[in-house]
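Chain by chain, the residues:
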Amino acid sequence: MNFSTANIITFGCRLNACESDLIKDFAKELGIVDFTLINTCAVTDEAERKLRQTIRRLYGENPNVKIILTGCASELHPDRYIKMDGVAGIISNKTKLSKSEYLKYASNVSVSATSGRRKVRGFLQIQNGCDQKCTYCIVRLTRGNNVSFSKDEIVNQAKRLLNKGYKEIILTGVNISSYGKDLDPKQNLAFIVRYILNCIPELTRLGLSSLDPADVDDDLINLIGSEEKLLPHIHESVQSGDNMILKRMMRRHNREQVIEINEKILSLRPDVVFGADIIVGFPTETDEMFKNTKRFLEEARLSRLHIFPFSKRPGTAASLMPNVEKKIALARARELKTMADDIFLKKLSEQIGKNLTILAEDQINAKTNSFLPARSLEKLTVGKEYLFRCEYVDKKAIIGRPIEER
Ligand code: SF4
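Fair warning: this is a prediction, and the values are worked out from it, not measured in the lab. (Residues numbered from 1 in each chain as written. Predicted model: local features only at pLDDT ≥ 70, side-chain atom pairs only at ≥ 80, totals over all residues.)

Student: Help me understand the overall build of the chain in this model?
Tutor: For the chain, the count of helices and strands is 13 helices and 17 strands. In summary, the chain has a C-alpha radius of gyration of 22 Å against a globular reference of 22 Å for 406 residues, a match within 12%. When its C-alpha atoms are laid out on the principal axes, the chain stretches across 55 × 55 × 45 Å. Expressed as a percentage of the 406 residues in the chain, the buried residues total 44%. Considering only residue pairs separated by 6 or more positions, the chain has 71% of its internal contacts joining residues 24 or more positions apart. (Helix = DSSP H or I, 4+ residues; strand = E, 2+ residues; numbered from the N terminus. Rg over C-alpha atoms; globule rule 2.2 N^0.38 Å. Buried ≥ 20, exposed ≤ 12 C-beta atoms within 10 Å, placed from the backbone. Contact = placed C-beta atoms within 7 Å.)

Student: How should the nonpolar core be read in this particular structure?
Tutor: The tendency in soluble globular proteins is for nonpolar side chains to be buried as a group. Counting residues in each nonpolar core, the largest one holds 105 residues, and the members touching the most others are Ile67, Leu124, Tyr136 and Ile358. When neighbours within four sequence positions are excluded, tyrosine 136 is seen to be in contact with Met249, Ile279, Phe282, Phe310, Thr316 and Ala318. (Core = buried A, V, L, I, M, F, W, Y, C linked by C-beta atoms within 7 Å.)

Student: So what exactly am I meant to see when it comes to the site of the ligand here?
Tutor: The local shell around the ligand consists of Cys130, Gln132, Cys134, Cys137, Val139, Arg140, Val174, Asn175, Asp212 and Ser237. Across the shell around the ligand, the residue classes tally to five nonpolar, three polar and two charged. (Near = placed C-beta within 6 Å. Nonpolar A, V, L, I, M, F, W, Y, C, P; charged D, E, K, R; others polar.)

Student: Just checking my understanding: could you explain the packing of helix α7 (residues 151-163) against helix α8 (residues 189-199) for this structure?
Tutor: Two packed helices can be described by the angle between their axes and the distance between those axes. It is the contact of α7 with α8, at a shortest axis distance of 10 Å, that shows an interaxial angle of 50°. Judged by the inter-axis angle, α7 sits oblique to α8. Like other packed secondary-structure pairs, α7 and α8 cross with a definite hand, here right-handed. Here α7 contributes Lys151, Ile154, Val155 and Ala158 to the contact with α8, which in turn contributes Ile192, Tyr195, Ile196 and Cys199. (Axes fitted to C-alpha atoms, helices over the stretch in contact; angles between N-to-C directions. Parallel < 35°, antiparallel > 145°, perpendicular 65-115°, else oblique. Left-handed = near helix turned anticlockwise from the far one by under 90°.)

Student: Teacher, can you tell me more about helix α1 (residues 14-30) here?
Tutor: The periodicity of an α-helix, 3.6 residues per turn, causes residues three or four places apart in sequence to face the same way. Taking 1.5 Å of rise per residue, the 17 residues of α1 would be expected to cover 24 Å, and the 24 Å separating its terminal C-alpha atoms lies within 8% of that figure. Every buried residue of α1 is accounted for by Leu15, Asn16, Cys18, Glu19, Ser20, Asp21, Ile23, Lys24, Phe26, Ala27 and Leu30. Each element contacted by the buried residues of α1 is listed here: β1 (7-10), β2 (36-40), β3 (67-71), α5 (100-103), β5 (121-125) and β8 (168-172). (Expected span 1.5 Å × (residues − 1).)

Student: Is there a simple way to think about the sheet that holds β8 in this case?
Tutor: Read across the open sheet, the three strands follow the order β5-β8-β9; overall the sheet is parallel. Looking at strand neighbours, the two that pair on one side only are β5 and β9 (206-208), the edges of this open sheet. Taken pair by pair, the neighbouring strands of this sheet meet at an average axis angle of 30°, ignoring direction. In the sheet, β5 pairs with β8 via five bridges, with the strands oriented parallel. Within β8, the residue paired with phenylalanine 123 across the bridge is isoleucine 170. On the sheet, α7 packs against β5 and β8 and is oriented at approximately 165° with respect to β5. (Pairing = 2+ DSSP bridges.)

Student: What should I look at first to understand unusual backbone geometry in this one?
Tutor: Most peptide bonds are trans, and most residues other than glycine sit at a negative phi. Following aspartate 184, the chain continues to proline 185 via a peptide bond in cis, the omega torsion being 0°. Positionally, proline 185 belongs in the loop between β8 and α8. If you check the backbone angles, glutamine 239 has positive phi at about 75° while not being a glycine. With respect to the helices and strands, glutamine 239 occurs in strand β10 (residues 233-239). Positive phi, normally seen in glycine, also occurs at phenylalanine 371, with a value near 70°.

Student: Where do I start with the environment of glycine 315 in this structure?
Tutor: Looking at the element boundaries, glycine 315 is found in the loop between β12 (302-309) and α13 (326-349). Overall, the presence of 11 C-beta atoms within 10 Å leaves glycine 315 in the exposed class. Along the sequence, glycine 315 and asparagine 254 sit 61 residues apart, while their C-alpha atoms lie 25 Å from each other. Not counting the four nearest positions on each side in its chain, glycine 315 is found in contact with Ile138 and Leu141.

Student: Would you explain the pairing of strand β14 (residues 365-368) in this entry?
Tutor: Along any regular strand, the residues point their side chains to alternate faces of the sheet. In this sheet, β14 lies alongside strand β13 (residues 355-360) in antiparallel orientation, the contact comprising three bridges. If you follow leucine 359 over to β14, its bridge partner there is lysine 367. The hairpin turn running from β13 into β14, its antiparallel successor, is four residues long. Note that β14 and strand β15 (residues 373-376) share three bridges and pair antiparallel.

Student: Mind showing me how you'd approach α13 here?
Tutor: In a regular helix each residue adds 1.5 Å, so 24 residues correspond to 34 Å; α13 covers 34 Å between its end C-alpha atoms and thus fits that length. Inspection of α13 places Ala329, Arg332, Leu336, Ala340, Phe344 and Leu348 among the buried residues, and these make up the whole buried set.

Student: When you look at the sheet that holds strand β4 (residues 87-90) in this model, what are you seeing that I'm missing?
Tutor: What holds strands together in a sheet is hydrogen bonding between their backbones, with the strands either parallel or antiparallel. Spatially, four strands are ordered β1-β2-β3-β4 in an open sheet, and the strand pairing comes out parallel. Each having just a single partner strand, β1 and β4 make up the two edges of the open sheet. Across the sheet, the mean angle from the axis of one strand to that of its neighbour is 25°, orientation sign disregarded. Bridge count for β2 against β3 is five bridges, and the pairing is parallel. What sits directly across from threonine 36, in β3, is isoleucine 67. The strands touched by α1 are β1, β2 and β3; relative to β1, the strand with the most contacts, the crossing angle is about 170°. In this fold helix α2 (residues 45-61) packs onto β1, β2, β3 and β4, with an angle of close to 170° to the strand it touches most, β2.

As structure tokens, then:
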């Protein structure tokens, strides 16, 4: 670990990754050294266990370490973490992006740029917080209500990312589908996507992070169907394929709506690949309900699944509901994961013989526009787009050669 420069460790979601990137910039600007910041996550027990392990490891490696915590876990349990050896302070989620918070850690030593990797994909935060009350979710307790950023602030940040060399921008937030609901006049996600693309014609690759199906309206569906600069990869926070469980989660969609949305999108743009988050072993989930989720994966044409066994978070409504035994939840997660791996392999195999556009992440690895991993048999240049021929696949990626630079 290098303690001569600001060291930032990130747990959790893309939003945290995006915020860590900005904090890294502050640290560089302010000349901060001997500073270790952990941007924490509280989404599961496991995330917090790994956090405690990391703090103990850092302190074990260097008892003089000054660890600053920010993010959802330290927001939720400040008393628990401030007592740990090595932890020097906590910055609240609300002020983690205000540069002045970091001034007290500044020194006169100037820090050179620390990033060794070429930048390919930048994350752009367009809102924070969430107004929904999903019964399993701890994040809304740590990040407050939906606050949308102004369109001009967003465009400036997008330009900043392009100037830093990023080739692709992914819009991110706690719940980006609620973008604009708090603005006067009200706006929506489709509006900000159009606004960014109109203001920055040189931006040719714009992606969306997780969408709440309840907020996917026809405006957004038509935009995905018609705007080529919008990448054909849609990730939905679906969570279950059983309507009763969705109700108990207090989600606002049902399985039929997701199936319909995805069919509509595919009819307009057949190359879209759908991903989703799924929680199994949610309180009261029976075998029958779990079977509904299994059937749903194919019915909703989902190909990239993030599967989580339910993790009880104190303070949430779901933590008071009748539990599914842990070993049953874990077995269901394993079963669904095996099924998801087969579906993913099928999706990869469909690409054999096709010519696809890829963006190189290093000399070998790339992603297709629909975010499928690709591995090249010939050297790629980082950050370049290629037309790529898929020759065969393995379980993880499509494999082939670049045909031409784009
Ligand atoms: S939509 Fe639900 S799961 Fe997502 S952040 Fe809001 S409350 Fe949490």
